[in-house]
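Residues per chain are reported as follows:
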Amino acid sequence: MLSAMRAVSRAASTAAQQQRRSFRCSVLGAAGGIGQPLSLLMKLNPRVTSLTCYDVAPFVPGVGVDLSHINTGSTCVGYGKDDLKKALDGCDVVVIPAGVPRKPGMTRDDLFNINAGIVKTLVEGCADACPNACILIISNPVNSTVPIASEVLKKKGVYNPKKLFGVTTLDVVRARTFVANARNRDPALVTVPVVGGHAGTTIVPLLSQAQPHTTFTDEERDALTHRIMFGGDEVVKAKDGAGSATLSMAYAGAEFADKVMAGLSGEACITECTFVESSITEAKFFSSPVTLGKEGVETIHDVVANDHEKKLIADMMPDLLAQAEKGFKFVKEN
């Protein structure tokens, strides 16, 4: 009797795992500083049954072979420059960290001039090979590349605003870490919503909404806000020309991808801050808490903020609007 019950339990557990681990995913830009650790973390995710790694770098098939030796329940294949369609065919989730990283002295405009064309090409590939996939944009400047992706998908006739995301999770990761460290708490138990965009002052941490509830002096608040806004600069400077925030971004990207897959799986109450098409402000794209579901975006939540944070949002709004417009204009002209 007991052995029969154990067998039924094991079968149910196996069935549940198989049901959960049902996603075909792709990382575009898998040979880079973000792409390789991100691909590793995706290979370790039990929700993923098939992972493809794409890059124009000639050694990316080797990245796929390397990852394929890891004893997790997913396959992994690397695809080179001419095989974008093969990499994307039938994918449920596509994560795009492709592009050049920011180096000391580079502006967001410098990044835009290089990465805009890369994102356009890759999203065109998604539209052709996996038009129903959730597309997660990491490539900077996110405030412009997500609008680029939306216009490309519209031109292809497959745009679904519920399935296009700018990954702003690193801002939340930093906010949780910095707030927790300031109060000697476990970062895993701290939550801090971060809204707006994903560049400099467009990043607005809502410290008033931190949980557990935390109070700060004006000096502490301003210092934390600045550090969260410019955390990327802190890493670029510390690496002294050797790169940008690659490992923490890979972690954040993998975390957000996992939450998207959890929502697609039907898990309840999955809410994350992400940069999506939105009507809660005058900006067409805006990052705020979003509940994820079986079709991607389920509910976009209003921003709850104090007067200081509302002013930060108002002050940065012209920049956020201009950065999005730059992306829209790029697609019109190209």
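Our structure's up above, just so we're on the same page.
Cut-offs applied
- Residues numbered from 1 in each chain as written.
- Predicted model: local features only at pLDDT ≥ 70, side-chain atom pairs only at ≥ 80, totals over all residues.
- Heavy atoms only, no water.
- Axes fitted to C-alpha atoms, helices over the stretch in contact; angles between N-to-C directions.
- Helix = DSSP H or I, 4+ residues; strand = E, 2+ residues; numbered from the N terminus.
- Left-handed = near helix turned anticlockwise from the far one by under 90°.
- Contact = heavy atoms within 4.5 Å.
- Nonpolar A, V, L, I, M, F, W, Y, C, P; charged D, E, K, R; others polar.
- Buried < 20%, exposed > 50% of the residue type's maximum accessible area, 1.4 Å probe, protein only.
- Pairing = 2+ DSSP bridges.
- Right-handed = clockwise from strand over helix to strand, strands pointing away.
- Expected span 1.5 Å × (residues − 1).
- Parallel < 35°, antiparallel > 145°, perpendicular 65-115°, else oblique.
- Core = buried A, V, L, I, M, F, W, Y, C linked by side-chain atoms within 4.5 Å.
- Salt bridge = Lys/Arg side-chain N within 4 Å of Asp/Glu carboxyl O.

**Details of the packing of helix H5 (residues 108-129) against helix H6 (residues 142-156)**
(1) Moving on: Remark: H5 packs on H6, axes separated minimally by 9 Å, with the N-to-C direction vectors making an angle of 35°. Regarding H5 and H6, the two cross each other, and that crossing is right-handed. For the pair H5 and H6, the contacting residues are Phe112, Ala116, Val119, Lys120, Val123, Glu124, Ala127 and Asp128 in the first and Ser144, Thr145, Ile148, Ala149, Val152, Leu153 and Lys156 in the second.
(2) Moving on: The residue makeup of the contact of H5 with H6, split by class, is 9 nonpolar, 2 polar and 4 charged.

**Describing the pairing of strand E5 (residues 134-137)**
(1) Moving on: Residues Cys134 and Leu136 point to one face of E5 and Ile135 and Ile137 to the other, with burial holding for every one of them.
(2) Moving on: Here strand E4 (residues 93-96) runs beside E5; their pairing, made up of 4 bridges, is parallel. The partner of Ile96 across the bridge, within E5, is Ile137.
(3) Moving on: Regarding the hand of the β-α-β motif, the stretch spanning E4, H5 and E5 is right-handed.
(4) Moving on: Relative to strand E6 (residues 164-166), E5 runs parallel, the two sharing 3 bridges. What sits directly across from Ile137, in E6, is Gly166.
(5) Moving on: With H6 bridging E5 and the parallel E6, this β-α-β connection has right-handed handedness.

**A few points about helix H10 (residues 247-264)**
(1) Moving on: Look at H10: 26 Å from first C-alpha to last across 18 residues, which is about the 26 Å you get at 1.5 Å a residue.
(2) Moving on: A large share of H10 lies buried, amounting to 13 of its 18 residues.
(3) Moving on: Gly266 lies just past H10 and shows a positive phi near 95°.

**Observations concerning the pairing of strand E3 (residues 75-79)**
(1) Moving on: Pairing of strand E2 (residues 48-54) with E3 involves 5 bridges; the strand directions are parallel. In the strand pairing of E3, Leu51 is matched with Cys76.
(2) Moving on: Following the backbone out of E2, through helix H3 (residues 60-68) and into the adjacent parallel E3, one traces a crossover that is right-handed.

**Details of the packing of H5 against helix H11 (residues 307-333)**
(1) Moving on: In contact at an axis separation of 11 Å, H5 and H11 are set at 50° when each is read in the N-to-C sense. The angle between the axes of H5 and H11 places the two elements in the oblique class. The two elements H5 and H11 meet at a crossing, and its hand is right-handed. Contacts between H5 and H11 involve Asp109, Phe112, Ala116, Gly117 and Lys120 from the first element and Lys326, Gly327 and Phe330 from the second.

**Quick word on the environment of Asp66**
(1) Moving on: Looking at the secondary structure, you find Asp66 in helix H3.
(2) Moving on: Each C-alpha atom of the pair Asp66 and Val77 lies 9.3 Å from the other, and the pair is 11 residues apart in sequence.

**A few points about the nonpolar core**
(1) Moving on: Leu28, Val94, Ile96 and Ile137 are the most contacted members of the largest nonpolar core, which totals 47 residues.
(2) Moving on: Discounting chain neighbours no more than four positions away, the residues touching Ile96 are Leu28, Leu122, Val123, Ile135, Leu136, Ile137, Ile138 and Ser139.
(3) Moving on: In terms of nonpolar packing, the next biggest core, distinct from the first, is built from 40 residues, Leu170, Ala245, Ile270 and Val276 among them.

**Focus on unusual backbone geometry**
Most peptide bonds are trans, and most residues other than glycine sit at a negative phi.
(1) Moving on: Here the amide bond leading from Asn140 into Pro141 is cis, since omega sits at 0°, within 30 degrees of zero.
(2) Moving on: Topologically, Pro141 is positioned in the loop between E5 and H6.
(3) Moving on: Along the chain, Gln211 connects to Pro212 via a cis peptide bond; the corresponding omega equals -5°.
(4) Moving on: With respect to the helices, strands and loops of the structure, Pro212 is situated in the loop between strand E8 (203-205) and helix H8 (218-229).
(5) Moving on: Look at Asn184: it is not a glycine, yet its phi comes out positive at around 55°.
(6) Moving on: Locating Asn184 in the fold gives a position in the loop between helix H7 (169-182) and strand E7 (194-196).

**Some details on the environment of Cys53**
(1) Moving on: Looking at the secondary structure, you find Cys53 in strand E2.
(2) Moving on: Distance from Cys53 to Asp89, taken between C-alpha atoms, is 12 Å for residues 36 residues apart in sequence.

**As for the pattern of salt bridges**
Close approach of charged atoms allows side chains with opposite charge to pair.
(1) Moving on: Using the criterion set out here, one finds 12 salt bridges in the structure.
(2) Moving on: Between Arg221 and Asp218 there is a salt bridge, and its shortest N-O distance comes to 3.4 Å. Here Arg221 pairs with Asp218, and both are found in helix H8, just 3 residues apart, close to one helical turn.
(3) Moving on: The shortest N-O distance in the salt bridge between Glu234 and Arg227 comes to 3.0 Å.
(4) Moving on: According to the relative accessible area criterion, Arg227 is partly exposed, its value standing at 34%.
(5) Moving on: In this structure, a network of salt bridges that share partners links the residues Arg47, Asp258 and Glu267.

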